[in-house]
Amino acid sequence: LGLPYFHFEDIDSTNLEARRRAEKGVPHGALLATEYQSKGRGRLERRWIAPKGACLMFSLVLRPKLEMSLVFGLTNLAALAVCRALEEITGLEPKIKWPNDLYLSGVKLAGVLTEFASRAEQVEYVVVGVGLNVNLSRQDLAEIGSPATSLLSETGRSWDRARILAAVMRNMNGLYETFTKGDRRALVAEYEARSWLLGKEVSVRDGDEVKTGLFKGMAADGALILKGRTKEMLIRHGDVTVLS
Ligand code: BTN
């Protein structure tokens, strides 16, 4: 994974560009990274804002032979790959906030946006986009508008984004092999071990619907297991808020 590699100075969004290229047949494994995005996107129609050259922003094109229900498991995989890479390089231990955020010191460090296209019930391609706050200053972070942190802010030094990207791709390779070849239990265990939410009371909002309960863990397909007062629920979409 990671080839062919395309690097941009300025683009609307690497996820949008990856989707355009995927439509035109770019192969499995293609990687697009950029210094700046004018229309960086997050989940739930949110924006991803970063000053030029400070954030690691990339999108990976995958063409997995997977059932559609498993596609969002790839979000978890990318989150794990970033966690591992950051541990190796910086020694920091970010936590994952289901389904797609990485947290450090209780605030957001990185996010993953997964999008896919299908034809006749078959996954055609998946675009996994990652934004990781690497060298954003405190002032840059203040301009984002919601609480966030960066590697620079946590460690007091700047970090080489290319080195981090290479480590993410190396980890992603191994994780993707495991994910597509079957035994996903080890991945679930690793994910839960890095979960910011495990054992916490949370509420999950999906549109107008809000469910509350204990975050019990993750199912093999990436769904959140929520223990309500009367029953256990499997949740595949939503925005999580920690209650305790
Ligand atoms: C989120 O926090 O909801 C997900 C953020 C994902 C941001 C990355 S930056 C690279 C890629 N291109 C985009 O437009 N979004 C993702």
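All of these numbers come straight from a predicted model, not from anything done at the bench.

K.L.:
I keep staring at the sheet that holds strand β12 (residues 239-242) and nothing clicks. Help me out?
P.N.:
Backbone-to-backbone hydrogen bonds join strands into a sheet, with any given pair of strands oriented parallel or antiparallel. Taken in spatial order, the five strands of this open sheet run β11-β10-β9-β8-β12, and their pairing is antiparallel. Of all strands in the sheet, those bounded by a partner on one side alone are β11 (232-235) and β12. Each neighbouring strand pair of the sheet contributes to a mean axis angle of 45°, computed without reference to strand direction. Relative to β12, strand β8 (residues 201-206) runs antiparallel, the two sharing four bridges.

K.L.:
Can you help me understand the site of the ligand in this one?
P.N.:
Within the structure, the ligand sits among 21 residues, and Ser13, Gly42, Gly111, Gly129 and Gly131 are positioned closest to it. For the shell around the ligand, the per-class residue count stands at six nonpolar, 11 polar and four charged.

K.L.:
Just to check I follow, could you spell out the sheet that holds strand β7 (residues 122-133) for this structure?
P.N.:
Here seven strands make up an open sheet; going across it, the order is β1-β2-β3-β7-β6-β5-β4 and the pairing mixed. A single partner strand is all that each edge strand has here, and the edge strands are β1 (5-8) and β4 (95-97). Taken pair by pair, the neighbouring strands of this sheet meet at an average axis angle of 20°, ignoring direction. Sheet topology note: the strand β2 (residues 31-34)/strand β3 (residues 55-62) ladder contains four bridges and is antiparallel. Considered in β3, the bridge of Leu32 is made with Ser59.

K.L.:
Explain the environment of Arg170 to me, please; I cannot follow it from the model alone.
P.N.:
Tracing the backbone through its elements, the reader meets Arg170 in helix α5 (residues 161-181). Taking the number of C-beta atoms within 10 Å as the measure of exposure, Arg170 has 16 and is therefore partly exposed.

K.L.:
Help me understand unusual backbone geometry, please; the structure alone is not making it clear to me.
P.N.:
Trans peptide bonds make up most of the peptide bonds, and negative phi angles are found at most residues other than glycine. Cis peptide bonds are those with omega within 30 degrees of zero, and the linkage from Leu3 to Pro4 qualifies with -5°. With respect to the element layout, Pro4 can be found in the segment before β1. Residue Trp98 is joined to Pro99 through a cis peptide bond whose omega torsion reads 0°. Considering the arrangement of structural elements, one finds Pro99 in the loop between β4 and β5 (101-104).

K.L.:
I keep staring at the domain arrangement of the chain and nothing clicks. Help me out?
P.N.:
Often, the extent of an interface is quoted as the loss of accessible area on bringing the components together. Per the domain assignment, the segments making up the chain are domain 1 (5-193) and domain 2 (201-242). Relative placement of domain 1 and domain 2: their C-alpha centres are 23 Å apart. The interface is formed by 15 residues belonging to domain 1 together with nine residues belonging to domain 2. Ranked by residue count, the leading element in the side of domain 1 that touches domain 2 is helix α6 (residues 185-193), at four residues.

K.L.:
Would you take a moment to explain the environment of Ala223 for this structure?
P.N.:
Take Ala223: it is sitting in the loop between β9 (209-218) and β10 (224-227). Ignoring sequence-local partners within four residues, the contact set of Ala223 consists of Met218, Leu234, Ile235 and Arg236.

What counts, and at which threshold
The numbers attached to residues start from 1 for each chain and follow its sequence in the written order. Given that this is a predicted model, residues contribute local features only at a pLDDT of at least 70 and side-chain atom pairs are listed and counted only at 80 or more, while totals for whole chains, interfaces and linings are drawn from all residues. When DSSP locates at least two bridges between a pair of strands, those strands are taken to pair. Only DSSP runs of H or I with at least four residues qualify as helices, and only runs of E with at least two residues qualify as strands; both kinds are numbered from the N terminus onward. Each axis is a line fitted through C-alpha atoms, and for a helix only the stretch in contact is used; angles between axes span 0 to 180 degrees, taken between their N-to-C directions. We count a residue as near a molecule or strand when its backbone-placed C-beta atom lies within 6 Å of that partner. Amino acid classes used here: Ala, Val, Leu, Ile, Met, Phe, Trp, Tyr, Cys and Pro are nonpolar; Asp, Glu, Lys and Arg are charged; the rest, including Gly, are polar. Neighbour density around each residue's C-beta defines its exposure: 20 or more other C-beta atoms within 10 Å make it buried, 12 or fewer make it exposed, and counts between make it partly exposed, where C-beta atoms are placed from the backbone. Start and end points for every domain follow an automatic or database-based domain assignment. Here, residue contact means that the backbone-derived C-beta atoms of the two residues sit within 7 Å.

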